[in-house]
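Close look at the chain arrangement
So you can see what is in the structure, the chains are spelled out below.
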Amino acid sequence: MNTEQKKKSLLNHPLLQLLKHNKGNPRTLILMEPLWGIPYNLITPFATLYMYSQGVTDVQIGLILSIAMVVQVLFSFFGGILTDKLGRKFTTMMGDFFGWSVACLIWSISNNFWLFLIAMLFNCFEQINQTAWYCLLIEDAEPKDLLGIYTWVNIGGLIAIFFAPISGLLINSFTVIPVIRVLYLVFSVNMLIKVAVTFRYCKETRQGKIRMAETKDTSLLHMLYEYKELIPKVLKDKEVMKVLAVSVILYITNMVSTNFFSLYVTQWLGIESRYLAFFPILNAAVMLIFMIGIQHKLELVKFRIPMWVGLALYAIAVILLILAPVGNMLFVIIYVFIVVVAGALVMPRKDTLIQLSINAEERARINALIMSFTIAFSSPFGYFAGWLSSIDRRLPFAFAFALFLAAFIIVGRIRDPEFSK
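Cut-offs applied
Residues numbered from 1 in each chain as written. Predicted model: local features only at pLDDT ≥ 70, side-chain atom pairs only at ≥ 80, totals over all residues. Heavy atoms only, no water. Helix = DSSP H or I, 4+ residues; strand = E, 2+ residues; numbered from the N terminus. Buried < 20%, exposed > 50% of the residue type's maximum accessible area, 1.4 Å probe, protein only. Polar contact = N/O pair within 3.5 Å; in protein donor to acceptor, adjacent residues only side chain to side chain. Contact = heavy atoms within 4.5 Å. Salt bridge = Lys/Arg side-chain N within 4 Å of Asp/Glu carboxyl O. Core = buried A, V, L, I, M, F, W, Y, C linked by side-chain atoms within 4.5 Å. Disulfide = S-S within 2.5 Å.

For the rest of this paragraph, the subject is the side chain of N123. Considering the arrangement of structural elements, one finds N123 in helix α6 (residues 113-123). Its relative accessible area of 9% is what places N123 among the buried residues. A polar atom in the side chain of N123 sits 2.8 Å from the backbone oxygen of G99. Excluding its chain neighbours within four sequence positions, the residues that come into contact with N123 are G99, W100, A103 and W107.

Two side chains carrying opposite charge are able to pair once their charged atoms lie near each other. Tallied over the entire structure, the rule returns 11 salt bridges. Note that R211 and D84 form a salt bridge whose closest N and O atoms lie 3.1 Å from each other. Here D84 lies in helix α4 (residues 58-86) and R211 lies in helix α11 (residues 206-214), a separation of 127 residues in the sequence. Assessed through its relative accessible area of 7%, R211 is described here as buried. Relative accessible area serves as the criterion here: at 2%, D84 is assigned to the buried category. The salt bridge partner of R394 is D392, with a shortest N-O separation of 2.8 Å. Exposure remark for R394: the relative accessible area of 31% places this residue in the partly exposed category. Residues joined in a network through salt bridges with shared partners are D84, R88, E139, R211 and E214.

This part takes up the nonpolar core. Grouped together as the largest cluster of nonpolar side chains are 125 residues, with contacts concentrated most on L137, I180, F261, Y335 and F397. When sequence neighbours within four positions are dropped, the list of residues in contact with L137 reads P26, L29, I30, I149, Y150 and V153.

Take the state of the cysteines next. Two cysteines, two sulfur atoms, one covalent bond between them: this is a disulfide. Across all of its chains, the model carries 0 disulfides by this definition. Among the cysteines around C135, which has no disulfide bond, C202 carries the closest sulfur, lying 13 Å off. Residue classification places C202 among the buried positions, given a relative accessible area of 3%.

Here is the structure:
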């Protein structure tokens with residue numbers, strides 16, 4: 001294949017064609033993702049270590065997570081109402097401003113348990129953003145394009161990870177605390193830029209305009225009261241509840257990985273903290289190869305099969321991490337590699353199944369309820385994981401292994417969406 005043919009083949013790639021034809025909100029939001037993804041992925045490997053280095057204990061870290069989750073339930077609950085009342089676009093902007101820009105500014109000056117807790121509570125505004133952002137992203141798109149759109153969202157964040165060595169090199173020269181302070185400040189400015197771009201280039205969705213008109217003269221309290229009819233409908237929908245159960249499990253296991261992986265590899269396995277920045281690079285490289293080269297070829301495969309494979313890989317990965325010998329980097333690299341492939345198989349399909357399982361006319365409020373239920377059911381496990389880690393840093397990952405097995409069983413009972421057949 002000559003250069004011209006390779007170029008033509010690349011331009012005809014299904015993901016590029018999807019981005020070409022999905023103009024407007026999907027394209028804008030996807031292209032903006034690195035504004036969030038670059039600083040987020042620079043900071044994430046060191047966020048827990050940043051707290052720990054300033055005297056915040058394992059149990060306090062877990063307590064912060066659990067308190068924040070309780071507040072997130074409240075924010076998520078109101079997220080659907082505000083998304084309908086104020087519109088998808090404005091609510092997304094509000095969530096980005098308070099949930100990320102203000103939160104990151106506080107994180108940049110935090111030096112004790114209480115400031116970290118306040119920053120995390122402001123970050124809870126991001127739960128309002130979640131509901132509105134997903135609606136803004138996919139409401140005007142074709143259902144058959146959802147898997148591709150969610151794949152692009154993941155790719156947008158992954159590209160940013162290749163900047164991760166910068167934080168590792170800086171930390172090696174200046175230590176964790178001053179470097180992470182500056183990165184949080186950069187994160188705050190980036191999110192202000194994201195708010196401005198959303199204001200300028202995004203448009204309210206068709207369903208968003210309908211819901212704004214319908215709720216114009218309805219008070220927030222009355223809209224809250226209407227949940228009494230909507231909640232039973234959601235709870236009685238077996239397909240929604242199955243997907244919700246998987247969502248809860250993945251939320252808990254992601255929380256364990258995000259908040260205790262860095263402590264585990266540095267404090268238990270004895271790997272130097274400067275290497276933490278290189279694990280996300282491996283993550284991004286493998287994920288991009290998988291999503292660009294393989295993901296679109298699995299679109300005709302039933303959702304359950306890739307999700308089964310992904311959950312099995314997750315379970316294998318945590319066992320490898322638990323069994324990793326002290327100081328052995330190879331086991332950690334293999335763990336990261338397997339987790340990446342598992343995430344590429346599971347996460348876009350989980351998000352797609354949620355959107356295809358709910359009533360499109362009530363997307364905002366049902367999404368908000370799903371997020372509320374997910375966080376509510378997950379909230380005790382932040383403290384629980386911190387308590388397990390304080391006993392033995394391997395225990396949170398043993399707990400995650402049991403959860404992946406439970407998710408594997410639940411996925412077997414989920415009905416595949418019609419268009420995937």
